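# Per-entry structural report
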Amino acid sequence: MVRKGGDGGRRTIRDVAARAGVSASTVSRVLGGVYPVSTQTRTRVLRAVRELDYVADAHAKAVAGAGTPTLAFVLDDITGPSFAHMAHGVEREAARLGHLCLVCSTDGDADHEQQFIEMMRAQRAAAVILVGGAADTSDYRRRMARIAESLASAGSRLVLCGRPPLDPGTPVTVIEYDNESGAYALCSYVLAQGHRRILFLGGKPENTAAQGRERGYVAAHRARGLDPDPALRRSGDFTRDSGHRLMRQALDAGLEFTAVVAATDMVAAGALTALHEAGLRVPGDVSLAGYDDIPFARDLCPPLTTVHVPYEELGRLAVRTGLGRTPDTPDEHLLLGTHVVIRDSVGPPAEAVR
């Protein structure tokens, strides 16, 4: 008769030990695979594990260093389509390399982020990957430097994806995509169609990704001897609701423009809805472009011209570099390229919308 565990049916390591006629520590040695035991003892323990359908406590194994090696993926908002694609790349590459990927969504809470990182450090995660733009302040740099040094002391590696780089000598890997060049190329294409009054729907002013995209917008104008009207640069965040709100505000304010460049495809989707609600055709009345090239961009009506960001490859690269570096590897900074994807949402300018 099989003996039940003391918690209502869940088997414990003591149940396995009693079944095999050995000590609990011997069962741990067999399951951990890091200490020698006799073939006869190993056979008895594994037979008991099968008969009792015992599953080892993954948390205990991780703390003991005997479980599947782990890495952590930390982001502000797991519902964002671009972050979801990056997470997919991280998970696929981690699995390929034999690591378990743990995901934490912080909702932008720095304390929550810190607590999760400390937990990963205690469990000796091989790498911690932090994703998403941030405000490049002295406080940010000091906090990230402390985290990087703390992880390095535990044999782990900090990888920053799309975040500002840290001071030289910090044990960190920074992987970015070229926000400014992507926006420059996109705005250059829109300007080449003949547009001169282009409404820019941006992100939070302190966010480094938003800053880079706005710099590209401005630089594309100035490369053609143009000075964009400050009234055409609007700040919000990277969400659909922000795009809808900013577009409605611009229309209500009577701003004149013939094209809209949105800081993300999600912002562009909100702007597109607002334009349709106002009875305006895209691109017949107003041209519209986005940034990110998330999958639904091709399914909008019309399909969205945008900037392709290799999010999945960025995630894969974050894993490869994080696991391929030792704690004493010096700082490194990798930059991935972007390119414009031309679809049907941008055309020649019509009469300026008022």
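Along each chain, the written sequence defines residue order, and numbers are assigned to residues from 1. Reporting in this predicted model follows two pLDDT cut-offs: at least 70 for local features of residues, and 80 or more for side-chain atom pairs to be given and counted; totals over whole chains, interfaces and linings ignore these cut-offs and use all residues. Note that the side-chain values use all heavy atoms of the structure and ignore hydrogens as well as water.

Looking at an unreviewed UniProt entry, the protein carries the name LacI family DNA-binding transcriptional regulator, with the source organism given as Streptomyces milbemycinicus.

## Details of the nonpolar core
Here the nonpolar core consists of buried residues drawn from Ala, Val, Leu, Ile, Met, Phe, Trp, Tyr and Cys, with membership extended through side-chain atoms lying within 4.5 Å. Only protein chains enter the accessibility calculation, which uses a 1.4 Å probe. A residue is then buried if its area is under 20% of the maximum for its type, exposed if over 50%, and partly exposed in between. Core analysis: the largest hydrophobic core is formed by 65 residues, its most contacted members being F73, I129, C161, L199, M247 and F257. Contact between two residues is taken to exist if any of their heavy atoms lie within 4.5 Å; hydrogens are not considered. Discounting chain neighbours no more than four positions away, the residues touching M247 are L199, L201, F257, V260, A271, A274 and L275. Counting 20 residues, the second-largest nonpolar core is a separate cluster that includes A72, I117, Y140 and I147.

## Considering a negative patch on the surface
Residues form patches when they are more than 30% accessible in relative terms and have no salt bridge. Like charges link within 9 Å. Nonpolar side chains (Val, Leu, Ile, Met, Phe, Trp, Tyr) link within 5 Å. Using a 1.4 Å probe, the Shrake-Rupley method yields the accessible areas, and only the shown protein chains count as cover for residues. Salt bridges are defined by distance alone: a side-chain nitrogen of Lys or Arg within 4 Å of a carboxyl oxygen of Asp or Glu. Working convention for charge: Lys and Arg count positive, Asp and Glu count negative, and His plus the chain ends are omitted. We put the charge of a Lys on NZ, of an Arg on CZ, of an Asp on CG and of a Glu on CD. Together, D77, D107, D109 and D111 line one region of the surface with negative charge. Counting from the N terminus, the helices are the DSSP runs of H or I reaching at least four residues and the strands are the DSSP runs of E reaching at least two. Relative to the assigned elements, D77 resides in the loop between strand 1 (70-75) and helix 5 (81-96). What makes D77 partly exposed here is its relative accessible area of 34%.

## Looking at the layout of surface pockets
Site definitions follow a grid-based scheme: protein atoms alone, a 1 Å grid, a 1.4 Å probe that fits but cannot get out for cavities, and for pockets an open set with protein on both sides within 12 Å along at least five of seven lines, plus lining residues having an atom within 4 Å of a point. Grid points are joined across faces, edges and corners, and a volume is the space filled by probe spheres set on the points. For the largest pocket, the calculated volume is near 990 Å³. In terms of lining residues, the largest pocket is bounded by 41 residues, among which D76, F83, G133, N207 and F238 are the most central. Mapped by element, the contributors of at least two residues to the lining of the largest pocket are helix 5, helix 6 (110-122), helix 7 (138-153) and helix 9 (208-222). For the lining of the largest pocket, the element with the most residues is helix 5, which contributes four residues.

## Focus: the packing of helix 1 (residues 13-20) against helix 3 (residues 39-52)
Geometry is summarised by axes, namely lines fitted to C-alpha atoms with helices restricted to the contacting stretch, and by angles between N-to-C directions that run from 0 to 180 degrees. Between helix 1 and helix 3, the least distance of the axes is 9 Å, while the angle of their chain directions is 120 degrees. Classified by the angle their axes make, helix 1 and helix 3 are oblique. The hand of the helix 1/helix 3 crossing is right-handed. Contacts from D15, V16, R19 and A20 in helix 1 reach R44, V45, A48, V49, E51 and L52 in helix 3. Should an angle fall under 35 degrees it is taken as roughly parallel, and over 145 as roughly antiparallel, whereas 65 to 115 is taken as roughly perpendicular and any remaining angle as oblique. The handedness criterion is simple: a crossing whose near helix is rotated anticlockwise from the far helix by less than a right angle is left-handed, and one whose near helix is rotated clockwise is right-handed.

## Thoughts on the pairing of strand 2 (residues 100-105)
Regular strands place side chains that alternate from one sheet face to the opposite one. Two strands pair when backbone bridges link them, and strand 1 and strand 2 are joined in this way by six bridges, in the parallel orientation. Among the inter-strand pairings, A72 is bridged to a residue of strand 2, identified as L102. Handedness of the crossover is the feature at issue here: the chain leaves strand 1, passes through helix 5, returns alongside strand 2, and the resulting connection is right-handed. DSSP-based pairing: two strands are paired if at least 2 bridges between them are found. Handedness of a crossover is defined as follows: orient the strands so they point away from the viewer, and if the path from the first strand over the helix to the second runs clockwise, the crossover is right-handed.

## A closer look at helix 8 (residues 179-192)
Helix span, expected: 1.5 Å multiplied by one less than the number of residues in the helix. Given a rise of 1.5 Å per residue, 14 residues ought to cover 20 Å, and the 20 Å separating the end C-alpha atoms of helix 8 matches this to within 8%. In the stretch just after helix 8, G194 is the one whose phi turns positive, near 110 degrees.

## A few points about the side chain of H195
Looking at where H195 falls in the secondary structure, it is placed in the loop between helix 8 and strand 6 (198-202). In protein, a polar contact means a hydrogen-donor-capable atom and an acceptor-capable atom, both N or O and within 3.5 Å, with residues adjacent in sequence counting only if both atoms are side-chain atoms; elsewhere, any N or O pair within 3.5 Å suffices. Here S287 takes part through its side chain, which lies 3.3 Å from a polar atom of the side chain of H195. Of note is the side chain of H195, whose polar atom sits 2.6 Å from the backbone oxygen of G347.

## As for the packing of helix 5 against helix 12 (residues 311-323)
Running from N to C, helix 5 and helix 12 point in directions that differ by 40 degrees, and their axes come no closer than 7 Å. If you check the angle between helix 5 and helix 12, you find them oblique. Crossing handedness for the pair helix 5 and helix 12: right-handed. Residue-level inspection shows S82, H85, M86, H88, G89, V90, R92, E93, A94 and R96 of helix 5 in contact with helix 12, the latter providing Y311, E312, L314, G315, R316, V319 and R320.

## Section: the packing of aromatic side chains
Between the rings of Phe, Tyr and Trp (Trp by its six-membered ring), a pair exists once the centres lie within 6.5 Å; its type follows the angle of the planes, with under 30 degrees stacked, over 60 edge-to-face, and the other angles tilted. Throughout the structure, instances matching the rule amount to two aromatic pairs. Each ring, one from Y177 and one from Y311, has its centre 5.5 Å from the other, and the planes form 75 degrees; the classification is edge-to-face. Remark: Y311 occurs in helix 12 and Y177 occurs in strand 5 (residues 172-177); sequence separation between them is 134 residues. Residue Y177 is classed as buried on the basis of its relative accessible area, which comes to 10%. When its relative accessible area of 5% is taken as the criterion, Y311 is described as buried. Any Lys NZ or Arg CZ that is within 6 Å of a ring centre and within 35 degrees of that ring's normal is treated as a charge sitting over the ring. When the ring centre of F238 is taken as reference, the NZ or CZ atom of R213 above it lies at 5.5 Å.

## Some points on the sheet that holds strand 8 (residues 259-262)
With parallel pairing, the four strands of this open sheet are ordered in space as 7-6-8-9. The sheet is open, and its two edges are formed by strand 7 (233-235) and strand 9 (287-289), each paired on a single side. Pairs of neighbouring strands in the sheet enclose a mean axial angle of 15 degrees, with direction left out of account. As judged from the four bridges shared by strand 6 and strand 8, these two strands associate in the parallel manner. When the sheet's bridge partners are listed, L199 is paired in strand 8 with V260. Sheet strands in contact with helix 9 are strand 6 and strand 7, and its direction is about 165 degrees off that of strand 6. Helix 11 (residues 265-277) rests against strand 6, strand 8 and strand 9 of the sheet, and its axis sits at about 155 degrees to strand 9.

## Quick notes on helix 7
Given a rise of 1.5 Å per residue, 16 residues ought to cover 22 Å, and the 23 Å separating the end C-alpha atoms of helix 7 matches this to within 8%. Taken together, the buried positions of helix 7 are occupied by Y140, M144, I147, A148, S150, L151 and A152. Elements in contact with the buried residues of helix 7: helix 6, strand 3 (127-131), strand 4 (157-161) and strand 5.

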